[in-house]
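# What the coordinates show
One letter stands for each residue in the lines below.
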Amino acid sequence: MVYESRKRKERAMKICMIAEGCYPYVVGGVSSWIHSMIKAFPQVEFVLLSIVGSRSQRGRFVYELPENLTAVYEAYLEDYDWGRKAKRGKRTRLNEKEYNALRSIISNEDVDWDTVFEMFQKEKFSIDDLLMGADFLEIVKEYYRQRYPYIVFSDFLWTMRSIYMPLFLILQTRLPKADIYHCASTGYAGVLGSMAKHFYRSGLLISEHGIYTREREEELLKASWVAGIYKNIWIDQFRKMSALAYERADRVTSLYEHARQLQIGLGCPEEKTAVTPNGIDLKRFEKLPCKKEGDEDFVNIGAVLRVAPIKDVKTMIRAFAFAKEKKENLRLWIMGPLDEDKEYAEECFALVEALGAADIIFTGRVDVREYLGRMDFTLLTSISEGQPLTILESFAAKKPVIATDVGCCRELIYGDGDGYGTAGILTHIMNTAEIAAAICELAEEKALCAHMGECGYLRVKNRYRQEQMEEAYEEIYERIGWDYGKLWPEEDASWLESESD
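Now for a quick tour of the structure. (Residues numbered from 1 in each chain as written. Predicted model: local features only at pLDDT ≥ 70, side-chain atom pairs only at ≥ 80, totals over all residues. Heavy atoms only, no water.)

A full pass over the atoms with the stated rule returns 28 salt bridges. Residue R103 is joined to E142 by a salt bridge in which the shortest nitrogen-to-oxygen separation is 2.6 Å. With R103 in helix α3 (residues 96-107) and E142 in helix α6 (residues 134-147), this residue pair connects regions lying 39 residues apart in the sequence. R103 sits in the partly exposed class, given a relative accessible area of 27%. Among the ionic pairs, R459 bridges to D418, the shortest N-O distance being 2.8 Å. Of this pair, R459 sits in helix α17 (residues 446-463) while D418 sits in the loop between α15 (409-414) and β14 (424-427), and the two are 41 residues apart along the sequence. Here the residues in one salt-bridge network are E411, D416, D418, R459 and R463, joined through shared partners. (Salt bridge = Lys/Arg side-chain N within 4 Å of Asp/Glu carboxyl O. Helix = DSSP H or I, 4+ residues; strand = E, 2+ residues; numbered from the N terminus. Buried < 20%, exposed > 50% of the residue type's maximum accessible area, 1.4 Å probe, protein only.)

Structure representation (structure tokens):
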């Protein structure tokens, strides 16, 4: 807490959490963090503005929403052009200020975001008409001549339309009013938060779990649907959106120091940044069920994850199958939802069958507390992570972790000089032989396995408790709320109260 010693008058704070592609539609990761954050502050009213792909996902919640989450609003990256009928008979060209603002955002030169916000929010017009109109065409032609005259213009034009359609749809989103906007990433969420701050003069907090720009860059470099120079054009788009969020935010948090340095390298002012690690409730992992009858003969390996490409479950399956050839009493429990990417899940099932790998169990969505106590250690083979909650949960259950060297995994397993010791084994991504060797090592060295589990428990107990995370965010919320007049000293409040009424 801050300002406890100062006499003040408070009114209930309202926070709008803005999320892209996660809560409350999928479990784990950022979704779990958002859910726990809302529940951690029952005295605060939250509303949620969730960005999803299309209306086909509308209302498909997989969480029971907390009581203090009073409303859920949705924004769509693909949608019908609701502005078309409203625009008939009205002007179809931009005025000079709007034209220059649109030109600035496409050329990424001194972007006039405020005019862009005003243009999309204050008049409902057809995005189709804008993208197919003369103004957008002329701006794209100019940008093409300056930067990309050596590629086919028609392809370039359609790429620019595909890049700007989701952004323009997001810019037309009607924003719920709140005291603070808390974005769980930069990107489209950061654009909405920045726009809300512009109109409502509210506080803006950005909390990145992974570095959004870097994650999109990695995805685009691997993507087959976009080729050559167009990858760079898409990457530039995500960079300019993140730059906006960093510029407008009052505070920008990350989960670990290396991520903070990446934010600074991407242009975030250092004085805005802060490291706020994830935290878990240790009490939830007390008195877990131990191994059941029939478990004693097996080395149980747990993998708590969404069965999705980013978790690289295929490498996990191959590594386990390879390790099982050397040590027959291994058993792998893959715990988590199977419906996020059904095609990928089917490919994983087929791989298990093709390898003839026995003792791989897909549990689907479960309460991990019913399983973690039965595990000997856990396994994470992701190709990208921030600060995985599954590692913290494993440590809370006194289970060591084998994890790939992504995100904060190195710091979690080895510490950063904290003196608690090594809590698992770190491997390179997609290295089947290395992961298999780590599995065999922990399976054979039971004393080492138990010692590493104790090291992990000490680390999470002293550095990654939920109470510590809540205290950090309570201070940030209060600081931003104070700065924006939402928490007032009683002696100074009267003129603000009368004005706000």
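That was the structure; now back to the text.
Strands pair in a sheet through their backbones, by hydrogen bonds, and they do so in one of two ways: parallel or antiparallel. The sheet built from six strands is open, its strands ordered β11-β10-β9-β12-β13-β14 with parallel pairing. Since the sheet does not close on itself, it has two edges, and those belong to β11 (360-364) and β14, each with one partner. Each strand of the sheet is rotated relative to its neighbour by a mean of 20°, with strand direction disregarded. As defined by bridge partners, strand β9 (residues 299-304) adjoins strand β10 (residues 330-335) across six bridges and the pair is classed as parallel. When the bridges of β10 are listed, V299 appears paired with L330. Helix-sheet contacts for helix α14 (residues 389-396) involve β9, β12 (377-380) and β13 (401-404), and the interaxial angle to β13 is about 165°. The strands touched by helix α16 (residues 432-444) are β9, β10, β12, β13 and β14; relative to β14, the strand with the most contacts, the crossing angle is about 170°. (Pairing = 2+ DSSP bridges. Axes fitted to C-alpha atoms, helices over the stretch in contact; angles between N-to-C directions. Contact = heavy atoms within 4.5 Å.)

Okay, the state of the cysteines next. One pass over the full model with this rule turns up zero disulfides. Counting only cysteine sulfurs, C409 is the nearest neighbor of C348, a cysteine outside any disulfide, at a range of 19 Å. Judged by relative accessible area, which is 0%, C348 ranks as buried. (Disulfide = S-S within 2.5 Å.)

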